[in-house]
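# Descriptive structure summary
Chain by chain, the residues:
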Amino acid sequence: MAAIPMLSGSRARTLTLLVVLLGAAGFRFAGVNWDAGQHLHPDERFLSMVVTAEGRPDSASAYLDEARSPLNPRNVGFPFFAYGTLPTTVVRLAGEAIGRTDFEGLTLIGRVISATASLGTVLLVFLLAHRLYGDPRIALLAATLLAVAVLPIQNAHFFVVDPHAVFFTTAAAWALAGPPRPYRYPLVGLLFGLALASKASVATFAVVVGTAALADTTPAPRLDAALPHAARRLTRAALRGLVVMAATLAAFRLAQPDAFTGPGLFDVLPSQRWLDDLAITRRLVDGSLDTPPGVQWASRTPYWYAWKTMVTWGLGPSLGLAAWAGWGAAAWQLVAHRADRHLIPVLWTAVLFLHMGGQFAMTGRYLLPTYPMLAVLAAWLLVAIWDRTATTAHPRAGRWQKALAGGLLVLVVLTTGLWAVAFTSIYRRPHTRVEASRWIYGHVLPGATLAGEHWDDSLPLELDGRSPADYPAVTLANYDDDTPAKLDALLDGLDRADYVVLSSNRLSDSIPRLPMRYPMTTRYYQALASGTLGFTRAAEFTSYPQLGSLRIPDQSAEEAFSVYDHPRVQIFRKDATWDRAQARTLLGAVDWDAVVRVPAAAARRWGHGTMLSPEAWAAARAGGSWSHLFDPGSAANRWPVVTWALLLAAIGVVAFPLLRPALRVLPDEGWLLARTGGLLLLGYAVWLPASLRWLAATPSTLTAIALVLVLISAVAAARQRAGLMALWREKRALL
């Protein structure tokens, strides 16, 4: 294989790996206290509350007893807990060890442990890629790509469970790819159990374990001697699966004892409270439990939105495209050439994406366990392209191809690294809610009434010795269903308010996704932004990813990516144009009888109900009426029967070469059906791109598609020239 000079030599490789790990650590540990101790990540805030309330068990039996363990969140005032308890237990015990069990201290400990787990995953990716492909270049490149992947960097800054789950699933994948040693499958089960104790949604990794065990051809001499040849592989796989299940259960029992009734080690019946929480979590994820945080997922396209979010923001466009191209190439080799080395990364990526990418809640962090696999596949593809240039027979062409291959590799690494540098700039600046709070303290007189929104953080924050108690507060319940009573309450709040504070775009971006449910509230946000409501934007605070003078607005990204650590904050001041009666006229101009409480999960089916969306209505009006599109005095409209007869005949002639190969068993080889089939073909060819909104259904589109079909028909007729001529000679009378 062609050598990449900078990666030649074991000492150079070791040094390169250390540099990669140092860079990964720099991205992950920089700005640990990014919110200045204000606890602005809601999931993290909840976990910190849980861990602060927890305590250390006084015995092993107390630890294993879910009914009395002080490490069980349900025993310390939190009846619903949707996460694995291994991360919270680790953070609590770490806090006990260093004497920091206060809310602030445990939050920072949780963030440091998340960053450490994420850094460990970078090292695991190096080990996994080296074990799969035996090529240190692929291993180093994979570690580099994961080191600069933005979504893992972001989640490393939060005290959340996802970095733990990613670490243990990647470790389990590394163990599964290992050599045939007696401890291989027990180790896989141990690591898989720890992953489950971090986050139950990684349970689908069992599909990868089972498939790998089935594909494992390592013989078991004593077992094989006692079995017929046909049953050996299946039996070996079943026994290995049982070993993994036993080790997984043991690890899960010890790492998440709240999932079992206890109190004894072997009391392994599942806890009913844990099962109830899993059921609630499942309803939240599939949308059957309709809650305000779920509104953001209304009308999202399954799989496409998850994939787009990953490629655009989570990995960055260059790495995202390279990773999925690598997945496609590796999947082809796996299926077509039985390249089993690709099995684990290809299958785990596919299984988790199919599981998580198509559900109602498609938040990007659910796919974080695939990021290490995609980094490995991207590295494999880039190195394979580089190596392919070494086999080119022509020296001049080989130089150009090698330059292009090297340029592609540098492009992916460089642009992804720059995206990481740009994104982490948000941790080198004050949080926007902190800046907005300081602006309020400096520009708004105490006693002024501030209107904020429920389901979002209220401002100002308590900082610099100042207190939000200086400002009377009004809460606008904008997630409530639109009714005349809600309009009255909204007007009452706006009447009392001197300022309206949007501490993020959480409500203002998600509510308009349900126009049938929130027509009035959607008008409110439009009027507030345009200034026609009687409030003027007094201040705005953003902290977009930035590289030099280049700012990258990312407010179109999902809420979890843009709201927690760098939300857009807007402050509106009431001006002299505010008038309650005018506001009622403006906001109340809706048909209350047409308001429907559409669950967010059903939004894609409902759309705008029986009404066109504003965009579709505008497009329909701009498209013109029938009389504008077609001249009533034209020859076609004056002699419609003759026109249709000639048109159908022409359609039949064009469609016949296209349909004949499938209808040759008929006496006329499909000539009679060509007119009907051709009409259906032309209609479908026009309808499909129009329904998908790729093209507008206009006469020019119809003409263009018809011409394309004529060209395709001409090519098909030329290829069938001999058969068509024979048909004409033999069955002219029939035709």
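Residues numbered from 1 in each chain as written. Predicted model: local features only at pLDDT ≥ 70, side-chain atom pairs only at ≥ 80, totals over all residues. Heavy atoms only, no water.

All right, on to a nonpolar patch on the surface then. Together, Val410, Leu414, Leu418, Val421, Leu547 and Leu550 make up an exposed nonpolar region whose accessible area comes to about 470 Å². Among the elements that make up the nonpolar patch, the one with the highest residue count is helix α18 (residues 395–424) (four residues). In this structure, leucine 414 sits in helix α18. Accessibility expressed as a relative area gives 49% for leucine 414, which makes it partly exposed. (Patch = residues over 30% accessible without salt bridge, like charges linked within 9 Å, V, L, I, M, F, W, Y side chains within 5 Å. Areas by Shrake-Rupley, 256 points an atom, 1.4 Å probe, with all protein chains shown as cover. Salt bridge = Lys/Arg side-chain N within 4 Å of Asp/Glu carboxyl O. Helix = DSSP H or I, 4+ residues; strand = E, 2+ residues; numbered from the N terminus. Buried < 20%, exposed > 50% of the residue type's maximum accessible area, 1.4 Å probe, protein only.)

This paragraph deals with the packing of helix α5 (residues 103–133) against helix α8 (residues 162–176). Two elements in contact, α5 and α8, have axes separated by 8 Å at closest approach and are oriented at 20°. Our classification of the angle between α5 and α8 gives roughly parallel. Where α5 crosses over α8, the handedness of that crossing is left-handed. Here Ile113, Ser114, Ala117, Gly120, Thr121, Leu124, Val125, Leu127, Leu128 and Arg131 of α5 lie close against α8, whose contacting residues are Pro163, His164, Val166, Phe167, Thr170, Ala171, Ala173, Trp174 and Ala175. Tallied by class, residues from the contact of α5 with α8 come to 13 nonpolar, five polar and one charged. (Axes fitted to C-alpha atoms, helices over the stretch in contact; angles between N-to-C directions. Parallel < 35°, antiparallel > 145°, perpendicular 65-115°, else oblique. Left-handed = near helix turned anticlockwise from the far one by under 90°. Contact = heavy atoms within 4.5 Å. Nonpolar A, V, L, I, M, F, W, Y, C, P; charged D, E, K, R; others polar.)

The sheet built from five strands is open, its strands ordered β2-β1-β3-β7-β4 with mixed pairing. In this open sheet, the two edge strands, each paired with only one partner strand, are β2 (473–476) and β4 (535–541). Strand-to-strand twist across the sheet, computed as the mean angle between neighbouring axes with direction ignored, equals 25°. Bridge analysis of strand β1 (residues 450–453) against strand β3 (residues 499–502) gives two bridges, and the strand direction is parallel. Each residue of the ladder has a partner; that of alanine 451, found in β3, is valine 500. Those strands touched by helix α19 (residues 432–443) are β1, β3, β4 and β7 (569–574), and its axis lies near 25° from that of β7. (Pairing = 2+ DSSP bridges.)

Chain-level statistics for the protein chain give a pLDDT mean of 92 and a share of 94% at 70 or above. pLDDT under 50 marks residues 1–6. Its contacts with residues more than four places away, or in other chains, come to 15 contacts. (pLDDT = per-residue confidence, 0-100.)

Glancing now at α19. Its twelve residues place the ends of α19 16 Å apart at the C-alpha level, agreeing with the 16 Å of an ideal helix rising 1.5 Å per residue. For α19, the set of buried residues is Thr432, Arg433, Val434, Ala436, Ser437, Trp439, Ile440 and Tyr441. Structurally, α19 contributes buried residues whose contacts are with β1, β4 and β7. (Expected span 1.5 Å × (residues − 1).)

With that settled, the discussion passes to unusual backbone geometry. The omega torsion of the bond from glycine 262 to proline 263 falls at 0°, within 30 degrees of zero and hence cis. Here leucine 459 and proline 460 are connected by a cis peptide whose omega angle stands at 5°. Summarising the element assignment, proline 460 is placed in the loop between β1 and β2. At alanine 36, a residue that is not glycine, the phi angle is positive and equals roughly 55°. Along the chain, alanine 36 turns up in the loop between α1 (10–29) and α2 (42–53). Positive phi outside glycine occurs at serine 299, with the angle close to 65°. When you line up the elements, serine 299 lands in the loop between α13 (272–286) and α14 (304–314). When its relative accessible area of 31% is taken as the criterion, serine 299 is described as partly exposed.

Sheet faces and side chains relate simply in a regular strand, where the side chains alternate between the two faces. The sheet contact formed by β3 and β7 spans four bridges and is antiparallel. Within β7, the position partnered with tyrosine 499 by the bridge is arginine 573. Here β4 pairs with β7 via six bridges, running antiparallel. Looking at β7, one finds that arginine 537 is bridged to phenylalanine 572.

Between its first and last C-alpha atoms helix α16 (residues 343–356) spans 20 Å; for 14 residues at 1.5 Å apiece the expected length is 20 Å, and the two agree. When you tally the buried positions in α16, you get twelve out of 14 residues, the bulk of the element. Tucked into the core, α16 has its buried residues touching α5, α8, α10 (205–215), α14, α15 (317–337) and α17 (370–388).

We now examine the environment of alanine 213. Mapped onto the secondary structure, alanine 213 falls in helix α10. Taking C-alpha positions, alanine 213 is 8.7 Å from leucine 176, a pair spaced 37 residues apart along the chain. Leaving out residues up to four positions away in the same chain, alanine 213 has contacts with Tyr185, Ala237 and Arg240.

With respect to the secondary-structure elements, glutamine 570 resides in strand β7. Within polar-contact distance, the side chain of glutamine 570 engages the side chain of arginine 537 at 2.8 Å. A distance of 3.4 Å separates the side chain of glutamine 570 from the side chain of arginine 568, its partner in a polar contact. Apart from residues lying up to four places away in sequence, glutamine 570 is in contact with Val500, Val501, Leu502, Arg537, Ala539 and Glu540. (Polar contact = N/O pair within 3.5 Å; in protein donor to acceptor, adjacent residues only side chain to side chain.)

So, about the pattern of salt bridges. Following the criterion strictly, the structure yields 34 salt bridges and no others. Put simply, aspartate 65 and arginine 68 hold a salt bridge, and the shortest N to O gap is 3.0 Å. A relative accessible area of 45% places arginine 68 in the partly exposed class. Note that aspartate 456 is salt-bridged to arginine 506, the shortest N-O span being 3.3 Å. With aspartate 456 in the loop between β1 and β2 and arginine 506 in helix α21 (residues 506–510), the pair connects residues that are 50 residues apart, well separated along the chain. Each of the two residues, aspartate 456 as well as arginine 506, counts as buried. Via salt bridges that share partners, Arg45, Arg433, Asp456, Asp457, Arg506 and Glu559 belong to a single interconnected network.

Our focus in this paragraph is the nonpolar core. Membership of the largest hydrophobic core comes to 162 residues, with the highest contact counts inside it found for Leu176, Phe205, Leu494, Val500, Tyr524, Leu533 and Ile571. Sort the elements by how many residues they give to this core and α17 lands first, with twelve residues. If we skip the residues at most four places from it in the chain, leucine 533 touches Leu494, Tyr524, Ala527, Leu528, Trp578, Ala583, Leu586 and Leu587. In terms of nonpolar packing, the next biggest core, distinct from the first, is built from eleven residues, Val50, Val51, Val91 and Ile109 among them. (Core = buried A, V, L, I, M, F, W, Y, C linked by side-chain atoms within 4.5 Å.)

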